[in-house]
Amino acid sequence: MELENWRGQIDELNLKLLKALNDRARCALEIAKVKKREMLPVYDPSREKKIFENILAHNTGPLSNESVQRIFACIIEEHRRMQESA
């Protein structure tokens, strides 16, 4: 495959990632409503631990577990920030 074909594939994947991130954000906002109603804290370290355990258990590479964990840590942090301001 030529460079432009690979770049086109990356562009398509970027849009899929964007949609998935926004879908996840919508879920996080709905979770924020439940947490607020039930007077639960936004930050739940045990839940975040389970998230990391799950994604790392399913990581088949080529991204390393460390890379995957850093990426998801950023995603979780941003969605937690959204929940806190909701």
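Each remark here, short or long, concerns the structure printed above.
Quick summary incoming for the structure in this document. (Residues numbered from 1 in each chain as written. Predicted model: local features only at pLDDT ≥ 70, side-chain atom pairs only at ≥ 80, totals over all residues. Heavy atoms only, no water.)

A few words now on helix H3 (residues 65–85). In this model, H3 (21 residues) spans 30 Å end to end at C-alpha, consistent with the 30 Å of a helix rising 1.5 Å per residue. Among all positions of H3, only Ser67, Val68, Ile75, Ile76, His79 and Gln83 are buried. All buried residues of H3 fall inside an arc of 160° around its axis, so they share one side. Across from the buried face of H3, at angles greater than 90 degrees, the exposed residues are Glu66, Arg70, Glu84 and Ser85. (Helix = DSSP H or I, 4+ residues; strand = E, 2+ residues; numbered from the N terminus. Expected span 1.5 Å × (residues − 1). Buried < 20%, exposed > 50% of the residue type's maximum accessible area, 1.4 Å probe, protein only. Arc of directions from axis to C-beta.)

What follows is about the nonpolar core. Judged by nonpolar contacts, Ile51, Phe52, Ile55, Val68 and Ile76 together constitute the single largest core of five residues. When residues of this core are traced back to their parent elements, those giving at least two are helix H2 (45–57) and H3. When residues of this core are assigned to their parent elements, the largest contribution, three residues, is made by H2. When near neighbours in sequence (up to four residues on either side) are disregarded, phenylalanine 52 contacts Gln69, Phe72, Ala73 and Ile76. (Core = buried A, V, L, I, M, F, W, Y, C linked by side-chain atoms within 4.5 Å. Contact = heavy atoms within 4.5 Å.)

The next point concerns the side chain of histidine 79. Among the secondary structure elements, histidine 79 is positioned in helix H3. For histidine 79, a relative accessible area of 7% translates into the label buried. Within the structure, the side chain of histidine 79 is placed 2.6 Å from the side chain of arginine 24, a separation counted as a polar contact. Excluding its chain neighbours within four sequence positions, the residues that come into contact with histidine 79 are Leu21, Arg24, Ala25 and Ala28. (Polar contact = N/O pair within 3.5 Å; in protein donor to acceptor, adjacent residues only side chain to side chain.)

Our next topic: the pattern of salt bridges. This model, assessed by the stated rule, comprises eight salt bridges. Arginine 26 is the salt-bridge partner of aspartate 23, the closest N and O atoms lying 2.7 Å from each other. Placement of the pair is aspartate 23 and arginine 26 together in helix H1 (residues 3–37), with a separation of three residues, close to one helical turn. Note that arginine 81 and glutamate 78 form a salt bridge whose closest N and O atoms lie 2.9 Å from each other. Of the two residues, arginine 81 and glutamate 78 both sit in helix H3, three residues apart, roughly one turn of that helix. (Salt bridge = Lys/Arg side-chain N within 4 Å of Asp/Glu carboxyl O.)

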